[in-house]
Amino acid sequence: MLKPIFTFLAASLLLVGTASAETVKLALIDPLTGPMAAAGQPAFEHLKYEAKRINANGGLNGQDLEIVGLDNKVNPQESLVQLQKAIDDGIRYVTQGNGSSVASALISAIEKHNQRNPGDEVLYLNYAAVDPAFTNERCSYWHFRFDANADMKMNALTDHIAANDDIKKVYLINQDYSFGQAVSKAAREMLKEKRPDIEIVGNDFHPLAKVKDFTPYVSKIQSSGADAVITGNWGQDITLLVKAAAEFGLEAPFFTYYGASSGVVTQLGDKGVDRIYQINEYYGEFEDPEMAKRQTELYEQAEWDFYYLRLSTMLDMLKKSADQAKSTDPVDIAKVMEGMKLETTTGEVVMRAEDHQIQLPMFISVMKDDMEYGAEGTDFNFKKVARIDREAVSLPTTCRMRRPK
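Residues numbered from 1 in each chain as written. Predicted model: local features only at pLDDT ≥ 70, side-chain atom pairs only at ≥ 80, totals over all residues. Heavy atoms only, no water.

**So, the packing of aromatic side chains**
What describes a pair of aromatic rings is the distance from one ring centre to the other and the angle between the planes of the rings.
Argument step 1. A full pass over the atoms with the stated rule returns 12 aromatic pairs.
Argument step 2. With 6.2 Å between their ring centres and 55 degrees between their planes, Y177 and F179 make a pair best called tilted.
Argument step 3. Look at F179 and you get buried, because its relative accessible area is 2%.
Argument step 4. These aromatic residues form a ring-pair network of at least three members: Y177, F179, Y257 and Y258. (Phe/Tyr/Trp six-rings, centres within 6.5 Å; stacked < 30°, edge-to-face > 60°. Buried < 20%, exposed > 50% of the residue type's maximum accessible area, 1.4 Å probe, protein only.)

Here it is as structure tokens:
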């Protein structure tokens, strides 16, 4: 009897190993609990939703894609713990977006891991951490960014502001870490170049995810006489900021990076109409019927909006790379992904080989009422104001990429 039992056990183990080998795991290291979960959870659900579409269309070179969520609480040290957990579990693809401080730690750790572990490399797919340094002086062969960086976004946003003669005074308010500092720096430099007559009447920084009441900041904005506010705030920091502005009665429009983030529409309602602007790769009125269908389905299935179009682009580019390389090895994927072009619902995007910074068209949109596809179960969403072509969004890079030998 021992031999049949042993044979059965061996066969079972073989089946488990085969099933594991047929699945490619992508670990999302982002806030899935706590005050910033409203930024991480929509990304997690979006990835899982789109992974089903990828798998239904042949997966990654015939292998299914599985999304694994790892909660980092927007803490760099906790993120490194979760990265090691992913590596120990055999996961060789990592994605993250919320917090450039986290991204900085991941880039360094993955560089070191890949240098020390040839044949077991990990690829980092960055969908939202937009510190410009990551595709300039700190560029890494193992890092690919699928969102426009902070300077690219500000370049497009300040073009729009500069064309508005009614804006004479601008107030800046941002989170006090590398990303917020980058947003402030880019705004000041670009406005000075494009509209030297515009006065910067405030430049505030506040702790990340620590402020519960933004009323004192809003009071300062009101007193400054600002005609417009520029902010890169995300997560609860954008939701609470614009909510405080609405309750205070501040009428100055907000030009934001993440004004359409989860919770903003619900908190503001009609007080946000024609006042909250966003620069992004997406706006809330998909003209493509297929994308409109996905937008509706995701909310019905997960009760999160289809906010991260770049995640769809990221998975489509990952699939295209795997199919072309006929491999799911990160080394092979990285070689093929460099310079890759992909047609998306908003136009062609290119993964620039020099710095692994995606080049894509951007859109300025504003919150409106009576939208066909309302966000968060409301009638409000973001309507396109302007399209900025890929070439106009693009900026030069100082990256000197060190490629593996």
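More follows now that the structure is in view.
**Here we look at helix α10 (residues 289–302)**
Argument step 1. Over its 14 residues, α10 extends 20 Å from the first C-alpha to the last, a length consistent with the 20 Å expected when each residue adds 1.5 Å.
Argument step 2. M291, A292, R294, Q295, L298 and A302 are the residues of α10 that are buried. The buried side chains of α10 occupy one side of the element, clustering within an arc of 160 degrees when seen end-on. Within α10, the exposed residues directed more than 90 degrees away from the buried face are P289, E300 and Q301. (Helix = DSSP H or I, 4+ residues; strand = E, 2+ residues; numbered from the N terminus. Expected span 1.5 Å × (residues − 1). Arc of directions from axis to C-beta.)

**Remarks on the sheet that holds strand β6 (residues 169–175)**
Argument step 1. As summarised here, the arrangement of the 7 strands in space is β7-β6-β8-β9-β10-β14-β15, forming an open sheet in which the pairing is mixed. Across the chains shown, the open sheet's two edge strands, defined by having one partner strand only, are β7 (199–206) and β15 (381–388). Shown here is a sheet whose adjacent strand axes are inclined to one another by a mean of 20 degrees, direction ignored.
Argument step 2. Where β6 meets β7, 7 bridges bridge the pair, whose relative direction is parallel. By the bridge assignment, Y171 is partnered in β7 with G202.
Argument step 3. Strand contacts of helix α8 (residues 236–248): β6, β7, β8 (228–231), β9 (254–256) and β10 (276–280), with the helix running at about 170 degrees to β9, the strand carrying the most contacts. (Pairing = 2+ DSSP bridges. Axes fitted to C-alpha atoms, helices over the stretch in contact; angles between N-to-C directions. Contact = heavy atoms within 4.5 Å.)

**Thoughts on the sheet that holds strand β4 (residues 123–126)**
Argument step 1. Across the sheet, which stays open at both edges, the 5 strands sit in the order β2-β1-β3-β4-β5 with parallel pairing between neighbours. Of all the strands in the sheet, the pair left with one neighbour each is β2 (64–71) and β5 (143–145). Neighbour-to-neighbour, the strand axes of this sheet turn through a mean angle of 25 degrees, independent of strand direction.
Argument step 2. Taken together, the 3 bridges between strand β1 (residues 23–30) and strand β3 (residues 93–96) define a ladder with parallel strand orientation. Counterpart to A27 in the pairing with β3 is V94.
Argument step 3. Most of the contacts of helix α3 (residues 76–88) go to β2, to which it runs at about 145 degrees, and overall it touches β1, β2 and β3.
Argument step 4. The strands touched by helix α4 (residues 100–116) within the sheet are β1, β3, β4 and β5, with β4 carrying the most contacts at an inclination of about 160 degrees.

**As for the environment of L191**
Argument step 1. Looking at where L191 falls in the secondary structure, it is placed in helix α6 (residues 178–194).
Argument step 2. Given a relative accessible area of 2%, L191 falls into the buried group.
Argument step 3. Considered as a pair, L191 and T158 are 33 residues apart in the sequence and their alpha carbons are 6.3 Å apart.
Argument step 4. If near-sequence neighbours (up to four positions away) are discounted, L191 is found in contact with T158, I161, V170, P196, I198, I200 and I230.

**Let's talk about the pattern of salt bridges**
Argument step 1. A complete count under the given rule lists 27 salt bridges for this structure.
Argument step 2. Ionic contacts of the salt-bridge type, sharing partners, join the residues E50, R53, E290, R294 and D316 into one network. (Salt bridge = Lys/Arg side-chain N within 4 Å of Asp/Glu carboxyl O.)

**A short note on the side chain of N126**
Argument step 1. Mapped onto the elements of the fold, N126 is located in strand β4.
Argument step 2. For N126, a relative accessible area of 0% puts it in the buried group.
Argument step 3. Of note is the side chain of N126, whose polar atom sits 3.0 Å from the backbone nitrogen of A128.
Argument step 4. Setting aside residues up to four positions removed in sequence, N126 forms contacts with Q96, G97, F134, H143, F144, R145, F146 and D147. (Polar contact = N/O pair within 3.5 Å; in protein donor to acceptor, adjacent residues only side chain to side chain.)

**Observations regarding unusual backbone geometry**
Argument step 1. Phi at A209 is positive, roughly 60 degrees, even though this residue is not glycine.
Argument step 2. Positionally, A209 belongs in the loop between β7 and α7 (215–224).
Argument step 3. For E303, which is not glycine, the phi torsion reads 60 degrees and is therefore positive.
Argument step 4. Along the chain, the position of E303 falls in the loop between α10 and α11 (309–325).
Argument step 5. Assessed through its relative accessible area of 61%, E303 is described here as exposed.

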